[in-house]
Amino acid sequence: MKASRLLMPTLRQVPAEAEIASHQLMLRAGLMRKLASGIYSFLPLGLKAFKKVENIIREEMDNSGAQELIMSALLPSEIYIESGRWEVFGPEMFRLQDRGGRDFCLGPTHEEVFTTTVRNEIKSYKALPVTLYQIQTKYRDEIRPRFGVMRCREFVMKDAYSFDRNEEGLDQSYQAMRDAYCKIFDRCKLDYSIVQADSGAMGGSGSEEFMVKSDIGEATLAFCNDCGYAANDEKAQCKPVPEENNDPYYTMEKESTPDVKTIEDLEKFFNCKSSQFGKTLLYQADDQVVAVMVRGDRDVNETKLKNYLRCADLALADEETVVKATSAQVGFAGPVGLKVRLIVDLEIPEMKNFIIGANDTGYHYKNANFGRDFETKEIVDLRNITEGDACPVCGGKINIAQGIEVGHIFKLGTKYSEALNCRFLDENGKEQPVIMGSYGIGVGRTLASIIEQNHDENGIVWPVSVAPYHVIIVTVNNADEQQMALSEKIYKDLQAKGIEVLWDERNERPGVKFKDADLIGYPVRLTVGKKASEGIVEYKLRKEEHYTDMSVEDALAAAVAFVKGI
RNA sequence: CGGGGUGUGGCUCAGCUUGGUAGAGCGCUUGGUUCGGGACCAAGAGGCCGGAGGUUCAAAUCCUCUCACUCCGACCA
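Here the residue numbers are simple positions, counted from 1 along each chain's written sequence. For naming, the first written chain is A and the first written ligand is 1, with later ones following in the order written. The predicted origin of the model limits local features to residues at a pLDDT of at least 70 and limits the giving and counting of side-chain atom pairs to 80 or more, whereas totals for whole chains, interfaces and linings rest on all residues. Heavy atoms from the whole structure form the basis of all side-chain values; hydrogens and water molecules are not counted.

## Overview of the protein's contact with RNA strand B
Then, number 1: Taken together, 35 residues surround RNA strand B, and among them Arg140, Ile143, Arg144, Asp518 and Glu538 come closest.
Then, number 2: Of all RNA strand B atoms lying within 4 Å of any protein atom, the proportion belonging to sugar or phosphate reaches 46%.
Then, number 3: Here a polar contact means two N or O atoms within 3.5 Å. Within protein one must be a hydrogen donor candidate and the other an acceptor candidate, and residues neighboring in sequence count only if both atoms are side-chain atoms. In this structure, Lys34 approaches RNA strand B through a side-chain N or O atom, which is 2.9 Å from a sugar or linking oxygen.
Then, number 4: In the model, a base oxygen of RNA strand B is placed 2.8 Å from a nitrogen or oxygen of the Arg525 side chain.
Then, number 5: Strands here are runs of E lasting at least two residues and helices are runs of H or I lasting at least four, both read from the DSSP assignment and numbered beginning at the N terminus. Those elements that provide at least two residues to the surface near RNA strand B are helix H13 (510-520) and strand E29 (524-528).
Then, number 6: It is H13 that contributes the most residues to the surface near RNA strand B, seven residues altogether.
Then, number 7: Throughout this entry, Asp, Glu, Lys and Arg are counted as charged residues, while Ala, Val, Leu, Ile, Met, Phe, Trp, Tyr, Cys and Pro are counted as nonpolar. The remaining residues, Gly among them, count as polar. Across the surface near RNA strand B, the residue classes break down as 10 nonpolar, seven polar and 18 charged. Only heavy atoms are used to decide nearness, and a residue is near a molecule or strand if one of them lies within 4 Å of it.

## Quick notes on the sheet that holds strand E19 (residues 363-368)
Then, number 1: One open sheet accounts for three strands, arranged E13-E19-E18; its pairing is antiparallel. The sheet is open, and its two borders are formed by strand E13 (253-256) and strand E18 (354-357), each paired with just one other strand. The mean inter-strand angle of the sheet, taken between neighbouring strand axes irrespective of direction, is 35°.
Then, number 2: Whether two strands pair depends on DSSP finding at least two bridges between them. Of the strand pairs in this sheet, E18 and E19 are connected by three bridges, and their pairing is antiparallel. Residue pairing in the sheet places Ile356 in a bridge with Tyr365 of E19. Angles here are taken between N-to-C directions and fall from 0 to 180 degrees, while the axes themselves are lines fitted to C-alpha atoms, restricted in helices to the stretch in contact.

## Remarks on empty space enclosed by the protein
Then, number 1: Here a cavity denotes a set of grid points, spaced 1 Å apart and computed over the protein atoms alone, in which a 1.4 Å probe fits but from which it cannot get out, and a pocket denotes an open set meeting protein on both sides within 12 Å along at least five of seven lines; residues with an atom within 4 Å of a point are reported as lining. Grid points are joined across faces, edges and corners, and a volume is the space filled by probe spheres set on the points. Scanning all chains against the criterion turns up one cavity of 30 Å³ or more.
Then, number 2: Of the volumes computed, that of the largest cavity is approximately 40 Å³.
Then, number 3: If you trace the largest cavity, you find it lined by Ile472, Ala517, Asp518, Tyr522, Arg525, Lys540, Leu541 and Arg542.
Then, number 4: At the level of elements, H13 and strand E30 (536-541) are the ones that each hand at least two residues to the lining of the largest cavity.
Then, number 5: For the lining of the largest cavity, the per-class residue count stands at four nonpolar, no polar and four charged.

## Here's the deal with the packing of aromatic side chains
To describe a pair of aromatic rings, one takes the distance between the centres and the angle between the planes.
Then, number 1: Centre distance within 6.5 Å is the pairing criterion for rings of Phe, Tyr and Trp, where only the six-membered ring of Trp is used; planes under 30 degrees apart are then read as stacked, over 60 as edge-to-face, and the remainder as tilted. Applying the stated criterion across every chain, the model contains 13 aromatic pairs.
Then, number 2: Geometrically, the ring pair formed by Tyr174 and Tyr439 is tilted, given 6.3 Å between the ring centres and 55° between the ring planes. In this pair, Tyr174 sits in helix H6 (residues 167-187) while Tyr439 sits in strand E24 (residues 435-442), placing the two residues 265 residues apart along the sequence.
Then, number 3: It is Lys48 that lies over the ring of Tyr469; its NZ or CZ is 4.3 Å from the centre.
Then, number 4: The rule for a charge over a ring is simple: NZ of Lys or CZ of Arg within 6 Å of the ring centre, and within 35 degrees of the ring normal. Stacked on the ring of Phe147, the Lys or Arg Arg146 has its end atom at 5.9 Å from the ring centre.

## Notes on the pattern of salt bridges
Then, number 1: Put simply, a salt bridge is a Lys or Arg side-chain nitrogen that is within 4 Å of an Asp or Glu carboxyl oxygen. Counted under the stated rule, the structure contains 41 salt bridges.
Then, number 2: One salt bridge connects Asp297 with Arg295, and the closest N-O pair in it is separated by 2.9 Å.
Then, number 3: Exposure remark for Arg295: the relative accessible area of 14% places this residue in the buried category.
Then, number 4: Taken together, the shared-partner salt bridges connect Arg295, Asp297, Arg298, Asp345, Glu347, Arg383 and Asp389 into one network. Think of it in three bands: with a 1.4 Å probe and only protein chains considered, a residue is buried below 20% of the maximum accessible area for its type, exposed above 50%, and partly exposed in between.

## Points about unusual backbone geometry
Then, number 1: Residue Leu128 is joined to Pro129 through a cis peptide bond whose omega torsion reads 0°.
Then, number 2: Position of Pro129 relative to the elements: it lies in the loop between helix H5 (111-121) and strand E7 (130-139).
Then, number 3: We note that Arg310 has phi near 55°; this positive angle belongs to a residue other than glycine.
Then, number 4: Looking at the secondary structure, you find Arg310 in the loop between helix H8 (302-309) and strand E16 (314-316).
Then, number 5: Phi angles above zero are rare outside glycine, and Asn359 is one such case at about 55°.
Then, number 6: As for its placement among the helices and strands, Asn359 is situated in the loop between E18 and E19.

## Details of the domain arrangement of chain A
Then, number 1: According to the domain assignment, chain A contains domain 1 (15-236 + 401-451), domain 2 (253-380) and domain 3 (469-563).
Then, number 2: Domain extents, as shown, originate in an automatic or database domain assignment. Between the C-alpha centres of domain 1 and domain 2 the distance comes to 38 Å.

And the structure:
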């Protein structure tokens with residue numbers, strides 16, 4: 001391809017809408033443009049890179065034995081009504097009607113379509129197992145699209161679904177996908193971690209996420225460097241750390257604390273740390289009100305609470321409910337004499353002589369102790385893990401990092417096959433629900449993550465595997481006939497060798513060409529300049545600072561060897 | 001959904017307080033000089049200032065409504 005003919009509208013300035021490096025670079029390098037909030041068009045260079053990622057995914061999925069097909073993005077409401085998710089998805093689902101007033105949606109995820117397809121087409125155990133996948137566009141009306149294609153409303157996802165006869169089969173299908181995902185992200189040159197993830201109250205038996213470590217990631221991860229434990233914050237288990245404290249158990253005393261409502265107020269009033277308080281929060285869980293107690297400096301992990309309570313909706317109780325349950329204003333809730341169900345975090349029984357709300361406006365108790373002053377049988381892991389916590393596996397020190405979720409693999413079990421009546425006949429002629437797994441990769445998000453991890457101050461530094469072009473030829477001076485002739489020769493030679501090459505023969509000054517080459521980030525740059533008359537060109541890798549003068553033959557050989565990874 | 005911010009040519013922004021119907025830099029077109037890290041000179045093209053209504057002799061500027069974008073939060077398979 002010749003650069004003069006390519007639509008590659010690079011920008012010198014950073015568009016005001018972009019905050020993070022990958023988003024800025026995707027716009028500046030002319031890979032994509034925004035059409036509306038969370039909706040993007042891919043331009044030629046962006047599409048080329050996008051398809052590289054897609055094809056890596058496709059190859060590894062095919063290698064794993066999965067079969068590609070494609071479903072419509074426009075889906076009838078019936079199948080979602082059948083699974084119950086027409087309601088569950090709520091406003092996140094794009095909905096529309098046809099001319100006859102029939103309800104449709106733009107598919108946010110395709111469990112229902114795949115499950116009903118298998119239900120209709122597979123009747124016998126002989127046809128199982130089968131894993132099907134598609135690379136297809138999904139629609140979700142995100143509350144807040146962000147970071148370009150990282151979180152957007154129309155995006156391409158590779159979604160795969162496995163169908164097995166039993167749990168052992170599911171384990172194998174799951175492992176095959178897990179292995180394929182590792183190969184995919186390795187080939188994309190991503191630095192990623194596989195972390196345990198929450199599989200939800202109703203969900204199946206296991207779930208892991210593929211996380212790219214990045215400060216701009218919206219997910220929080222917990223890692224143990226000693227034993228390799230890794231989980232996202234929703235899932236990460238917390239171990240109580242017994243406190244070294246030889247104080248005797250003091251008598252509980254009620255203390256007047258007017259206008260002291262928040263943890264900060266309490267720290268000032270009692271002149272002690274927030275870890276010496278017990279925080280009592282009231283939650284509305286479906287139609288039940290529950291009180292939840294964690295140490296003052298901890299945060300309640302609502303996912304853990306939701307899973308424990310097995311409820312559908314969970315939210316902090318409103319003021320009226322709190323007043324009714326505690327007989328006090330908000331800010332003075334405590335476990336002593338409380339009229340609602342009490343659940344305490346594992347740390348609470350470990351604490352000694354701590355401060356709690358008195359369920360009486362303007363009063364707190366000090367020197368409270370679990371088991372003596374209040375009690376409950378529900379002692380549960382309820383809090384968010386924090387930096388420095390003990391690893392739940394080996395007791396080592398936990399580190400916290402941010403991550404971008406690029407892939408998610410999930411053992412669904414029979415959740416959808418039961419709901420949608422997807423059954424097969426086993427060897428005994430008995431009907432059984434199909435055991436399912438689901439596996440997703442965000443293609444655009446993967447692409448953006450690659451840029452997030454592979455860029456410098458001048459632009460993108462593409463790995464060869466996903467670069468829109470492998471080699472850029474920069475002709476320094478178009479007016480020099482020798483330079484033009486030699487450039488064209490190199491261009492044709494590389495093409496003949498199967499290298500994807502872009503020749504920058506635009507009538508621009510060299511500085512412009514170099515800047516664009518660095519911004520777009522082609523892995524190899526061949527510069528044809530003054531020494532063209534001697535048959536010498538400059539060979540430079542994008543990821544390295546230095547360049548080398550070489551004979552044309554050597555430069556061609558070096559470029560080919562680098563691109564083909566020899 | 002709550003709170004903040006911003007909408008002026010393709011991009012980045014100034015002008016708004018104190019009304020007099022538009023500017024800069026970059027980009028684009030043409031000609032010339034240049035040619036190894038975003039050149040220079042000259043001449044051009046391109047905007048009813050997000051939209052609607054109002055105040056006024058007169059509105060990018062003031063008022064009301066509305067839409068879009070964006071940030072923080074809540075929420076989120």
